[in-house]
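A structural walkthrough
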Amino acid sequence: MKKPNLQIALDQNTLAEAARIAHLAGPIVDIVEVGTILELQAGQQSISVLRAMFPDKSIASDTKCADAGSTVAQNSKDAGADLMTVIDSATIATMKSAKSVLDGIQVELYTAWTWELAQQWQAIGIEQVIYHQSRDALLAGEVWGKKDLDIVKKFIDMGFKVSVTGGLNLDTIKLFEGVPVYTFIAGRAITGQADPAAAAEAFQAEIRKYWS
């Protein structure tokens, strides 16, 4: 089973701080994400800077696009993004519009999706979804469990490449043993540590323990 990617989510309030952390942990991860908070604070320049820092890595633009799909996708693409998120509540028209510009469109799942909608996403060529435990849900006491695993597995069985995110830590990784996850996305578990490089290395080592 192929080893899942490790993606760092940079959700800092300043580009300078994000770049500092990326300089340390970026070489270790597989995908570098310009998080929603960073993109709102620093704009498309944040994508351009990280693209320049990591010319050979995939760059994700976490816009959570809800409208103006082709425009947002074109802006992300022009700045150097390979991947861009659209929120699950976006219309099929918005998703299709974004997909026409940037192939790497990922639907981020919150509460507005259904299995019927997932089939419609596939019909327009979308191959990637992100199963997301939101920061607010985690703060409210929700934890990863069987319900989450069952949903992830069903999306994979449908043929999607599934990324997982939301409060991931080293202990979370083993819950997915035997599941062909596409990408683990970690934010504060890497960016909030005193040594982001060591934290990223620990994640990669933990992933390798369960996937060869």
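Scroll up to find the structure.
Attention here is on the structure that accompanies the text. (Residues numbered from 1 in each chain as written. Predicted model: local features only at pLDDT ≥ 70, side-chain atom pairs only at ≥ 80, totals over all residues. Heavy atoms only, no water.)

**Side note on the nonpolar core**
Short version of the rule: Take the buried Ala, Val, Leu, Ile, Met, Phe, Trp, Tyr and Cys residues and link them wherever side-chain atoms come within 4.5 Å; each set so joined is a nonpolar core. With a 1.4 Å probe rolled over the protein chains alone, any residue whose accessible area is under 20% of its type maximum counts as buried; one over 50% counts as exposed, and the rest are partly exposed. When checking whether two residues touch, look at their non-hydrogen atoms; a contact exists if any pair is within 4.5 Å.
By size, the foremost hydrophobic cluster in this structure holds 60 residues, and its most contacted members are Trp 121, Phe 155 and Val 164. Residues within four places of Val 164 in sequence aside, it is in contact with Tyr 131, Trp 144, Val 152, Phe 176, Val 181, Thr 183, Phe 184 and Ile 185.

**A closer look at the sheet that holds strand β2 (residues 31-34)**
To keep it simple, the criterion reads: Following DSSP output, two strands are said to pair if at least two bridges run between them. Put simply, DSSP H or I for four residues or longer makes a helix, DSSP E for two residues or longer makes a strand, and each gets a number counted from the N terminus. Only the contacting stretch of a helix is used when fitting its axis, a line to C-alpha atoms as for every element, and angles between N-to-C directions run 0 to 180 degrees.
Strand order in the closed barrel formed by eight strands is β1-β2-β3-β4-β5-β6-β7-β8, with parallel pairing between adjacent strands. Across the sheet, the mean angle from the axis of one strand to that of its neighbour is 25 degrees, orientation sign disregarded. Pairing analysis gives four bridges linking strand β1 (residues 5-10) to β2, with the strands arranged parallel. The residue bridging Leu 10 from the neighbouring strand is Val 34, located in β2. Against the sheet, helix α5 (residues 92-99) touches β3 (58-65), β4 (83-87) and β5 (104-109), its axis set at about 175 degrees to β4. Across the sheet, helix α8 (residues 146-158) lies against β5, β6 (128-132) and β7 (161-165), angled at about 180 degrees from β6, the strand it touches most.

**Quick notes on the pairing of β3**
We count it as follows: Seen with its strands pointing away from the viewer, a crossover is right-handed when the path leading from the first strand over the helix to the second is clockwise.
Burial within β3 is extensive, with six of its eight residues counted as buried. Sheet analysis places β2 next to β3, joined by four bridges and oriented parallel. Paired with Glu 33 across the bridge in β3 is Ala 60. Relative to β4, β3 runs parallel, the two being bridged by three bridges. Across the sheet, the residue bridging to Cys 65 is Val 86, located in β4. In this fold, the crossover linking β3 to β4 by way of helix α4 (residues 69-79) has right-handed handedness.

**Structural notes on the side chain of Glu 108**
In plain terms, the rule: Any N or O atom pair separated by 3.5 Å or less is treated as a polar contact, with the protein-specific requirement of one donor-capable and one acceptor-capable atom, and with residues adjacent in sequence counted only for side-chain atom pairs.
Here Glu 108 shows up in strand β5. Judged by relative accessible area, Glu 108 falls into the buried class, the value being 3%. Among the polar contacts listed, one links the side chain of Glu 108 to the side chain of Tyr 110, at a separation of 3.5 Å. Among residues more than four places away in sequence, those in contact with Glu 108 are Asp 62, Lys 64, Thr 85, Val 86, Ile 87, Asp 88, Ile 130, His 132 and Thr 165.

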